Structures are given as structure tokens and as C-alpha cells.
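Residue-level structure breakdown
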Amino acid sequence: MALAKGLENPLGANNCFLNVAIEMLYHVPEFRQALLSPTTTAKHVCSRDSCILCALQNLFAQLSYSEDESLPPDSVRTALALTYKVAQKFQLEEMDDAIDCFNAILQELHAACKPGTPFLQCGGEGMCVTHDVFGTGYSEQLQCGKCQQTSSPEGHVVCVNFLNAATLRSQSMLVSALREVMESPTPCSNCPSSQRRSLCTLTRAPRVLAVGLGWDRPSTEPSTVAATLGILDQPLSLSALFDKLTVPDPGPYHPCALVLYYGQHYMACIVHEGTWTLFDDATVRPIGENLTSIVDWAARGRLQPVMAFFSPTAAPSLSRSRLITRPASCYSSRSPLTPAPAVPLYTPPPVPTPTTNTTTNTTASVSAPARQPAPSAVPASPKRAPGPIYTYEYPAQPELPPPVLSNPSPRRYAESLSAHSSHQAPAPAPAP
């Protein structure tokens, strides 16, 4: 892959929510290859200026072959604004939600590749690029634990698994939190006092597992951020998540990308060529080879993870026991945070002391050498050395909260989002 490139976000453009979604999708090799394949180009239905698939293809090609260090996402931003003009979502120069933007892109890619096919029914041969990469297919049956009555299997297709951050921390395990969202216990018709539990059978494994996190507050304590990231670093096994598998288990999934939020700003941390790399709009900087630097840095800045990608091909990071290198008391709200190491970014050259001429009783000043410009905090050379990042400035007053989700059903969420798309027919006007 070419050198990692950033995406521009000029003052007042408010592109950060879109930039993280594009960077996350571009750095998924399976998605990038599927989107740029001739098959996807040939079978999709183009909607011209509002075609998000064409806009993404053009931008992905520039990210792959351009020599510029950053590129404007204007084509994708314009196509998204035109598509959701009726719903007044993702309009130019307006801030929006990164998870909603990611879901909207997946919805529109499906609509372009499989017109006329409902989003929740895409599957089998010739599926769209969205379901080919992110689609998780499973069937659900409800079984009574007392009388063993079992319902007929009901099929589901999920592309993004939504969790509440508080639920994730209460479960302490990613598998348990995902399982709680999947289950929908109902009373048994034969045994009213008994609950029927869900029996889930995996029918299609995702190539990349996407998880969206909802937070109850727009800002949280550093210890909460560290605990949440520590749970997200756990390997995820589909055989532990589902009761039965009808397809081969691709192996444990490991985190490969994160979206972080604080103070009306989004940024992404993505594994690029084996190194976790920060993508903060046009700024691209390596962080480290594992999640240790991300946990420590994100906890200091109170950066809340709102989305995560997991891949079976991602290199595993450090185990959880070695992940958090500082004691929990370090992140307590009652004790001050450990300050960043005081390493000056630039030290000016010394100015020589003036010398005095005793014969004429005059002072001859020695001219000081010219002040050299301070080196840039982010080197422009492709060979960027990894290291901790403690010099980022964060806004003091967050204004736009991250998405607040209280364990919504993925089906209801997808249906509500698709209702805002311009592809949906407008509702009939009420009779006079």
C-alpha cells in the first residue's frame, strides 16, 4: 500500500465525521479491493452527482496513487449531501454523527449494487460490497428451557453491531455484551412463568466485524475510557458468540481500527502496515505497534471509542494483563493525571554574552546567530518514527454528544436509517 494519506478538513467544513468513515473503509483491504473491482463498477446503478459509490471509487484511487500527503473528500461529501437532502442529513459545512455517516454509506452502496433488494435481505450469490465484507448472517430460534418448545428459525443479516458502552463494561467481555444484544427472550406460550432463550446459528461469517458504541454522556472519566479500550482489545471468537456454526470459523478477531470522539471532533486510529496510526483529518502519525499507546493517550484526552473494526487477519496486540501499564488509581478523578514528559519540541541556540572593550570603554555586541525555524511536530518525511502523542490540544467544552444508544435492535436501527434516504418514496400527503 502507498504511504498513508490524510483527508482535508478546512475551517468551517466540519468533515471530521466523514473523514474517519472514509479512512476506516479505505484501510480495510477486503473492502477496498471489492469496491475497486471491475465487477462492482459494472453492475452498480449510477445516480451521477449523488452516486456515493463512484465518489468513493475516485477518492480511493487518489488515496492509492496520488503523491499528495492529504486529499479533499469533497466529492464524497457532495454526493452524501445530495442523497440526504430531503432528510437534511450530512449537509455541507454541517457537523454530523460518524456512526450515522458510516451506516448511510453502507446503505447507499447496497442500493447502488442491489437496487430493489431490501437491505436486510441481501445475501447469496452476487451480494453487494457492503454485505460481502461486513455482513453477518445468522438464524435465531427461541427455545423454552422448561418444556423445550422451539420456534421456527428466523434469519437475520447485521452489518454493524451496536452496543452501549456501559453494558460493555458491565459484562467485562465483548462476547457477552454482543450476545446480550442478540438475544430477545420472550415468555413461553405453554409455560408463562418460563422465558424462552435464543439459539443463534451462524450462517455467514463477516470478513470484518464492525461494532458501534453508544455513550450516555458526551464526556467521561479517563478510567472509563481505559476500561472500555481494554475490553475492546480482547480477541473475539465466533464459536463463543454463537451456539452453532454452519460455516468454518475464521479464527479469533482482533481490533484493527478505532474511531475516537471528544469535543465535537472525531479521529481514527487504524493499523497501517502493522503499526497503529493516527488519522486526524490531514494529520497522519504512527502511534505504536500495539494498543498500549492508544489506551494511555486516549485516557489522558478522554477520547471515547465510538466504533471499532475487528478482523481475523489483524495482528494480535498485547494481552489485557499487559495492556494497561499504569494502576487504576492513576486514572482516578480524585487524583491528578500523571503529566506528560517535559520534552521541549525546540530549544533555541544560546546567545553569546556581550564583550567589553576596556581601552575605549565601549561595549561591542557580538551579533547572535540567526534563529532557526522550529521543526514541525509532524515530520513530512514518509519515514515517521513512532512515539507517544501528548501534545494534542482538545477543546474545553464539548458541544456535540456521541450517539446515545440503549441497546437498540440492529434491525430497527437499519430500518429507521434507510427511511431517511432519498431512495425511499415520499409518504403520501394526508387527505384534506
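Residues numbered from 1 in each chain as written. Predicted model: local features only at pLDDT ≥ 70, side-chain atom pairs only at ≥ 80, totals over all residues. Heavy atoms only, no water.

1. Structural notes on the nonpolar core
Ranked by internal contacts, the top residues of the largest apolar core, which has 110 residues, are Phe31, Ile105, Phe134, Tyr266 and Phe309. Of all the elements, helix α6 (residues 98-113) adds the most residues to this core, at 10 residues. When near neighbours in sequence (up to four residues on either side) are disregarded, Phe309 contacts Met24, Val28, Phe102, Phe134, Val208, Leu209, Ala210, His254, Pro255, Cys256 and Ala257. (Core = buried A, V, L, I, M, F, W, Y, C linked by side-chain atoms within 4.5 Å. Buried < 20%, exposed > 50% of the residue type's maximum accessible area, 1.4 Å probe, protein only. Helix = DSSP H or I, 4+ residues; strand = E, 2+ residues; numbered from the N terminus. Contact = heavy atoms within 4.5 Å.)

2. Overview of the sheet that holds strand β5 (residues 160-164)
Strands sit in the order β5-β8-β14-β10-β11-β12-β13 across an open sheet of 7 strands; the sheet is mixed. Pairing within the sheet leaves two strands with one partner each, and these edge strands are β5 and β13 (283-288). Strand after strand, the sheet turns through a mean of 25 degrees between neighbouring axes, direction not considered. (Pairing = 2+ DSSP bridges. Axes fitted to C-alpha atoms, helices over the stretch in contact; angles between N-to-C directions.)

3. Digging into α6
The end-to-end C-alpha separation of α6 is 23 Å, in line with the 22 Å expected for 16 residues at 1.5 Å each. Most of α6 sits inside the fold, with 15 of its 16 residues counted as buried. Where α6 begins, the capping side chain belongs to Asp97, and its oxygen is found 3.0 Å from the backbone nitrogen of Ile99. (Expected span 1.5 Å × (residues − 1). Polar contact = N/O pair within 3.5 Å; in protein donor to acceptor, adjacent residues only side chain to side chain.)

4. Considering the pattern of salt bridges
Taken as a whole and judged by the stated rule, the model has 7 salt bridges. Linking Asp132 and Arg204 is a salt bridge whose minimum nitrogen-to-oxygen distance equals 3.4 Å. On the criterion of sequence distance, the pair formed by Asp132 in helix α7 (residues 129-134) and Arg204 in strand β7 (residues 195-204) is long-range, its members being 72 residues apart. Residue classification places Asp132 among the partly exposed positions, given a relative accessible area of 22%. Linked through salt bridges whose partners overlap, the residues forming this network are Lys89, Asp96 and Asp100. (Salt bridge = Lys/Arg side-chain N within 4 Å of Asp/Glu carboxyl O.)

5. Details of helix α12 (residues 292-301)
Along α12, 8 of the 10 residues are buried, which leaves the element largely enclosed by surrounding structure. Taken together, the buried positions of α12 are Thr292, Ile294, Val295, Asp296, Trp297, Ala298, Ala299 and Gly301. Directly after α12, the chain includes Arg302, whose backbone phi takes a positive value near 55 degrees.

6. Observations concerning a negative patch on the surface
On the surface, Glu8, Glu67, Asp68, Glu69 and Asp74 cluster together into a patch of negative charge. Relative to the elements of secondary structure, Asp68 occurs in the loop between α4 (52-65) and β2 (70-71). (Patch = residues over 30% accessible without salt bridge, like charges linked within 9 Å, V, L, I, M, F, W, Y side chains within 5 Å. Areas by Shrake-Rupley, 256 points an atom, 1.4 Å probe, with all protein chains shown as cover. Lys, Arg positive; Asp, Glu negative; His and termini not counted. Charge placed at Lys NZ, Arg CZ, Asp CG, Glu CD.)

7. Topic: the confidence of the model for the protein
For the protein, per-residue confidence averages 76 on the pLDDT scale, and residues scoring 70 or more make up 71% of the total. Taken element by element, the predicted model of the protein shows its lowest mean pLDDT in helix α13 (residues 320-323) (29) and its highest in helix α1 (residues 16-26) (97). Segment residues 354-432: pLDDT under 50, and 121 contacts once partners within four positions in sequence are set aside and those in other chains are kept. (pLDDT = per-residue confidence, 0-100.)

8. Regarding the environment of Pro248
When you line up the elements, Pro248 lands in the loop between β9 (244-245) and β10 (254-261). Pro248 sits 43 residues away from Ala205 along the chain, and the two C-alpha atoms are 8.1 Å apart.

9. Description of the pairing of strand β8 (residues 209-214)
Counting buried residues in β8 gives 6 out of 6 residues, a clear majority hidden from the surface. Pairing analysis gives 5 bridges linking β5 to β8, with the strands arranged parallel. Bridge pairing in β8 links Phe162 to Gly212. Judged from the 4 bridges that link them, β8 and strand β14 (residues 304-311) form a sheet pairing that is antiparallel. If you follow Val211 over to β14, its bridge partner there is Ala308.

10. Focus on the packing of helix α10 (residues 222-232) against α12
Running from amino to carboxyl end, α10 crosses α12 at an angle of 155 degrees, the nearest separation of the two axes being 8 Å. Relative to α12, the element α10 lies roughly antiparallel. For the element pair α10 and α12, the recorded crossing hand is right-handed. Of the residues in α12, those touching α10 at Pro222, Val225, Ala226 and Leu229 are Ile294, Val295, Ala298 and Ala299. When its residues are assigned to classes, the contact of α10 with α12 shows 8 nonpolar, no polar and no charged. (Parallel < 35°, antiparallel > 145°, perpendicular 65-115°, else oblique. Left-handed = near helix turned anticlockwise from the far one by under 90°. Nonpolar A, V, L, I, M, F, W, Y, C, P; charged D, E, K, R; others polar.)

11. Describing the packing of aromatic side chains
What characterises a pair of aromatic rings is the spacing of the ring centres plus the angle enclosed by the ring planes. This structure, assessed with the given rule, holds 10 aromatic pairs. Ring plane angle 70 degrees and centroid distance 6.3 Å describe the contact between Phe31 and Phe60, whose orientation is recorded as edge-to-face. Taken together, the positions of Phe31 in helix α2 (residues 29-35) and Phe60 in helix α4 put the pair 29 residues apart, joining distant regions of the chain. A single burial state applies to Phe31 and to Phe60, both of which are buried. Geometrically, the ring pair formed by Tyr138 and Phe242 is tilted, given 5.8 Å between the ring centres and 55 degrees between the ring planes. In this pair, Tyr138 sits in strand β3 (residues 136-144) while Phe242 sits in the loop between α11 (238-241) and β9, placing the two residues 104 residues apart along the sequence. Here Tyr138 and Phe242 have matching classes, each one buried. Clustering of aromatic rings is evident, with ring pairs tying together Tyr26, Phe31, Phe60, Phe102, Phe134 and Phe309. (Phe/Tyr/Trp six-rings, centres within 6.5 Å; stacked < 30°, edge-to-face > 60°.)

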